[in-house]
Structure formats: C-alpha cells, structure tokens
Amino acid sequence: MQILVTNNKMKFAKENLNLEKGLNKEWVITNGLGGFASSTGANTRRYHGLLIAPLMPPARRTLILSKLDESIEINGNKTDLYTNIGKNFITHGYKYQECFIKEYIPIFAYKVGDVEITKAICMQHFKNTIAIFYKVKNGSEKAKLILTPVMNFRNAHGMNKDHVFDLKQKINKTKLEVKIDNGVPIYMMLSEGNYIEHYNDTFKNMFYIEEEKRGFEAEENHVIPGRFEIEIEPNEEKEISVICSLEENIEELDARAIITNEIVRQNQEFAKSKLIDISKEDKTEEEEQKDKLIKQFLIAIDNFIIIRPFFNTYSMIAGYPWFLDWMRDTLISFEGCLLVTKKYEVAKKVLRSCVRDIKYGLVPNSYSEDDYRPLYNSVDASLLLFEQVKKYIEYTKDYDFIMNEIYQNLEHIIKNYSIGIDIDDNNIYLDTDGLIVSGTPYTQNTWMDVKYDLLVLDVSLPDGTGFEFCKKVRQVSKVPIIFLTAADEEMNIIMGLDIGGDDYITKPFKLGVLVSRVNALLRRAKDFSSADTQLESNGMKVLLLQGQAFKNGKPLDLTAAEYKLLCLFMKNPNMVLTKEQILDKLWDCD
C-alpha cells in the first residue's frame, strides 16, 4: 500500500482508494465533548456518521447526520460522488475520488470530467457542530452541486431497522430546523443555494459490512428531509459551507472559519507542548520526521481529551467509537497524554475528577450514560491514582494543590482498602500477606477480569487437559461447562460429568444440537443459579431466596434488620466493616 506523508499529512493516492482498500480506511475527528464524526467514505458501521452528538456530554451519544451525499450535474448529466452500500447494491462514487488527506481534518478530492471538487470536514471544538466545506473549480459547462442530508435520531449503539420516521421541519431560505421522532431540534445551514423539501423520503436498508462481520444487525433506515442545490457557472470557482448543529445560531457560523480556528488551536497546542523546537529553522531530515511524528501523536491525543461540562472537569475517552471515559484508562494514559505534553491544567482537573465522587475509598471507573450515576467497578483506579499523583508532582512541583485537594482522599483510600470495601459486590480487602484481594467470579474489578456465562472445553488442550481446567473452575465458579471433544470413551464421559461438567458432547456433532444444549444450560443457569441463593459459615446457614436463617439446623427468629445484618456479615467474612458501610446496607431499601 502506498501512503504518502507530505509535511505532516497522510495522503492516500487514487490507486489506494478502490472500493476494497477504501472501505478499510477509517477516519475519526472529535469535538472535545465525547462527540465525533467517523466514516470510510461509505458508512460500514452503525457508529459511522458526520455528527454523533452527546446530548448529555459525553454521554447519550446520538446519531444526527449520517451522511451528506454529493452529486454533480454537468450539462444535465448527473454523477453521484457518494458511495452507499445495500445488501444488493453499491453506488460508485469512489471511482471519482482522486485522493484522501488527513492532517488536522479529513479532506477528499474528486474529479468528474473537467470539474474538480474538494471537501473538508471539521468539528467545532466543545460544540455539537459539524462543518463541511466545499471548493468547486468548474469546467467549461454549467454545473449544479446537489447535497442530500441523510439523517437519523437514535442512540449511537442502536439501529433503526424498518423504522418509519416522524419528521418535522421548518424552512427559512437555506436554514433548516429538523425534528426527528420528537427529538431535540437539529439545525442545518447552507451558505448559498436553494433547499428543496422532500416528503416521506426514507433511505431504506443501508447495509453496514462491519456490523455483519461482528454478528450484529446490519441494516437500518435513515430519513432524507430534502436536498440543497447550488448553481455553478462555467469556469467559476465557488466555496460552499454546510453546517449541521444542535446550536440554533448556525447562521453566525462559517465552515471555513471553523476549520481555520481548529488548525490554529491545534498549532497552539503544539507550541504549548514544547516538544517541537519552533525556533530552529534549518533542521535535519531526521529532526523533521521526528517533528511530524510528534504532531501526529499530539493531534491523536487531543481527540481523546474531553470536558464534562456538568462537572467542569476533564477526562479521557477510553476508545472511539464504543467507549466513554473510564477513569482506569484515563489514569493509565495520564502521564503520556497530559504531563509529557504539558497540559498541566487539564491534568489538574482530571485529578479533581478522580476524587470528586470517591466512595469508601473507590474512585469511580465511569458514570452511567442515563443519569450520571458513578459506577464503582474498578479496584485498580484508586491505586493508579497514587502513581499519577506522584507523576503530577514530579512534572509540576504543585505540592499545594495536592495537599489542599488530593492528599486527604489518598488517606481515605488507604484506610478503606485496609479494612475492606464491598460496593456492588467488589469484595476488596487486604489479605494477610499484605496484598489486595478483589472481586468474585461474578464481578469485574480489573481490566483483566472476564465475565462468562458458559464454558465449552475440549479434553485435549495444548497446555493441559480440559478435566484439570474444569476442576480449577469449579473451585471458584458454578458457571455451566460443556465438554465438546472427540474423546468418546465411557470413562472420559463419566469423569467429565463427575468433576463438574454439565454436559458432554462427542464429535462429530450437529451444530443445531450444540446450540440447543447451550441454550438449555443458559436458561437453567439463569433460572436456578445458586451462586447467591445461600450462605454458610460455622453452623450458620441463610437461604436467601426463602429469607430464612438457621443455626445448627434450627430456624432463627430474626427481625428484618437482624436478618440484613447477618447477611451483610456473612457476605463479608474476615472483614472489618465501618459504621457507614453497615448503615448503608442496613437502610438499603433493596
């Protein structure tokens, strides 16, 4: 594959932009709120779109503008520049693409006959706004550029398959206000030209190749509110600005200005980092290549830094397009993204974000997308905080900030990890050997933990036997286990079932039978899981489903509060519980 790097640009030439190669090149740009734009030229994922906007930044990401399909009409002959994919069709706009460049923003170049069209896409920083800027250099014939917005209003993780849209729009010349399915108002603006309204126009069954590969639903509908048309005279050069936003004042915005401001902002970040010597003019080729690589890293880092406006704190997105900000990932990347780059004020606000909602010594790993509720599913985030506070001091010498706002929280973490923590069954405590113990087979407290619903094991494994593995699993978990193996001797079958296997299937087998047995075990595990149905310790037994307690086989007559306390203590053996933990559980209405 030929990839040209000129200055700081990654450039793909036409020979690398055929359909197959082009669909494998994804780009992403972001807005500092958790919103983003991403595609390949054709949308191959449900997450692709020109405006995926967080309605409650960075959460509730919503697909707003899926595409802006371009066509050029020259002397009455229309040519589509867009590429769309259905199960039984592909449009061929990719054939007219000359190159793709990605430096600060993605830039596309097209050529149809003697007409040249350049398109640049940019998000406005800290706004749910996308700007698309066109520069058309017309040839000898009169031409018309047609821009068709393909829109939606659904959760970024969702799909609108076979959906019938409720579309309302208000038109004021080239400014458009759209409401889809009674969602928030969406505004679009064209710098010049005409808008033609469409009625009951649905793009049916856009097909996402990557979703099908992942085993998910791959087709969905979009709505087309209308189209913009711009007349271009022979040999005329015209600049066209299209804005789509959740901000109402889009008539005050200009795509060229948004792009210019973004490039200026990025270059200011380069200068602040002091990682590039801008005072030196005559640089060696090696120095220039190093500067280019640093710029690419700085641009990439900037894409992941976000502000949480409701908290006035900063954080880091764990990964596009799927994830929001996770504190564990933020702290792992803290030094490289924020300290090496001298983003010290951002780093300070990230540390404030870490301690803002500490509970029983746990730093929240993330927040609910629905209600901003902190989620405490990490044992290592609090521990990583210590390391990054140390790094912050090494880089900034800002002892006052740490002592005034952070230090007391660090003491709180040490205290609670020492006496034990059990929020949402985290089961965190200091073991007798001085090491931290965390979790149960049913909780995920570190990035290495995996929750699984069922295991399928072969008897012969590269580094042991399925029987040995099954025995180890049974020491900590009652997860259903199926042996699927060619070892069909009666002794093997008996052994597999006796050591804890729930089923034993010999090869060759029919796939439908395997699927049915898997489903049967999953149903049984869901309906009759006994992982939390009883507690036993020193002659005490609690039957949780029945709400009964026994001592040496004799039933105990307990009040509701006494029963709750007994369950709390038996769920937390060998742990010292604080008064706050006891009261929290005692008065928990659940």
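What you see as residue numbers is a count from 1 along each chain, following the sequence as written. Owing to the predicted nature of the model, reporting of local features is limited to residues with pLDDT of at least 70; listing and counting of side-chain atom pairs is limited to 80 or more, with chain, interface and lining totals taken over all residues. Hydrogens and water molecules were not included; the side-chain quantities draw on all heavy atoms of the structure.

**Overview of unusual backbone geometry**
Then step 1. Following Pro 57, the chain continues into Pro 58 via a peptide bond in cis, with omega recorded as 0°.
Then step 2. Between Tyr 320 and Pro 321 the backbone carries a cis peptide bond, its omega angle lying at 5°.
Then step 3. On the secondary structure map, Pro 321 appears in the loop between β24 (313-316) and α5 (327-332).
Then step 4. A positive phi angle is found at Arg 60, which is not glycine, with a value near 55°.
Then step 5. Only DSSP runs of H or I with at least four residues qualify as helices, and only runs of E with at least two residues qualify as strands; both kinds are numbered from the N terminus onward. If you trace the backbone, Arg 60 turns up in strand β6 (residues 59-74).
Then step 6. The buried label applies to any residue whose accessible area, calculated with a 1.4 Å probe on protein chains only, is under 20% of its type's maximum; exposed applies above 50%, and partly exposed to all values in between. Assessed through its relative accessible area of 38%, Arg 60 is described here as partly exposed.
Then step 7. Even without glycine at this site, Asp 181 takes up a positive phi of about 50°.
Then step 8. As for its placement among the helices and strands, Asp 181 is situated in the loop between β16 (175-180) and β17 (186-190).

**What to know about the nonpolar core**
Then step 1. If you look at the biggest cluster of nonpolar residues, it comprises 47 residues, and the most contacted ones within it are Ile 130 and Leu 145.
Then step 2. Note on contacts: a residue pair is in contact if any heavy atoms of the two residues lie within 4.5 Å. Ignoring anything within four residues of it in the chain, the contact list for Ile 130 reads Ile 29, Ala 37, Leu 50, Leu 51, Leu 65, Ile 121, Cys 122, Met 123, Val 242, Ile 243 and Cys 244.
Then step 3. The set of buried Ala, Val, Leu, Ile, Met, Phe, Trp, Tyr and Cys residues whose side-chain atoms join them within 4.5 Å is what this entry labels a nonpolar core. Membership of the second largest hydrophobic core comes to 38 residues, among which are Ile 305, Met 316, Cys 337 and Leu 339.

**With respect to the packing of helix α8 (residues 380-396) against helix α9 (residues 399-419)**
Then step 1. Every angle, taken between N-to-C directions, lies between 0 and 180 degrees, and every axis is a line fitted to C-alpha atoms, over only the stretch in contact when it is a helix. Contact pair α8 / α9: the axes reach a minimum separation of 11 Å and the direction vectors enclose 155°. Between α8 and α9, the angle falls in the class roughly antiparallel. Of the two elements, α8 crosses α9, and the hand of that crossing is left-handed. Of the residues in α9, those in contact with Ser 382, Leu 383, Leu 385, Phe 386, Val 389, Tyr 392 and Ile 393 of α8 are Tyr 399, Phe 401, Ile 402, Ile 406, Leu 410, Ile 413, Ile 414 and Tyr 417.
Then step 2. Grouping the amino acids of the contact of α8 with α9 by side-chain chemistry returns 14 nonpolar, one polar and no charged. Any angle from 65 to 115 degrees is called roughly perpendicular, while one under 35 is roughly parallel, one over 145 is roughly antiparallel, and all others are oblique. Two helices that cross are described as forming a left-handed crossing if the nearer one is turned anticlockwise from the farther one by less than a right angle, and a right-handed crossing if clockwise. Gly is placed with the polar residues, together with every amino acid not listed as nonpolar (Ala, Val, Leu, Ile, Met, Phe, Trp, Tyr, Cys and Pro) or charged (Asp, Glu, Lys and Arg).

**Quick notes on the side chain of Asn 365**
Then step 1. One can find Asn 365 in the loop between α7 (344-356) and β25 (366-367).
Then step 2. On the accessibility criterion, Asn 365 (3% relative accessible area) is buried.
Then step 3. Here a polar contact is recorded for every N or O atom pair within 3.5 Å, except that within protein the pair must consist of a potential hydrogen donor and a potential acceptor, and residues adjacent in sequence are included only if both atoms are side-chain atoms. Among the polar contacts made by the side chain of Asn 365, one reaches the main-chain amide nitrogen of Arg 328 at a distance of 3.0 Å.
Then step 4. Filtering out sequence-adjacent residues up to four positions away, Asn 365 remains in contact with Asp 325, Trp 326, Met 327, Arg 328, Leu 375, Asn 377 and Ser 378.

**Here's the deal with the confidence of the model for the chain**
Then step 1. Averaged over every residue, the pLDDT of the chain is 89; the share at 70 or more is 94%.
Then step 2. For every residue, the pLDDT score states the predictor's confidence, bounded by 0 at the bottom and 100 at the top. Low pLDDT (under 50) marks residues 1-7, which in the prediction has 16 contacts with non-local residues, meaning those over four places away or in another chain.

**Let's talk about the pattern of salt bridges**
Then step 1. Each reported salt bridge corresponds to a side-chain nitrogen of Lys or Arg within 4 Å of a carboxyl oxygen of Asp or Glu. Under the defined criterion, the tally for this structure stands at 36 salt bridges.
Then step 2. One salt bridge in this structure joins Lys 175 and Glu 251, with 2.8 Å as the shortest N-O distance. A residue pair is termed long-range when its members are at least 10 positions apart, and Lys 175 in strand β16 and Glu 251 in the loop between β22 (237-245) and α3 (255-273) qualify at 76 residues.
Then step 3. A residue is classified by how much of its surface remains accessible, and Lys 175, at 17% relative accessible area, is buried.
Then step 4. Salt-bridge contacts for Lys 471 lead to Glu 468; the nearest nitrogen and oxygen are separated by 3.6 Å. Here the residue Lys 471 and the residue Glu 468 both occupy positions in helix α10 (residues 466-474), the gap between them amounting to three residues, near one helical turn.
Then step 5. For Lys 471, a relative accessible area of 37% puts it in the partly exposed group.

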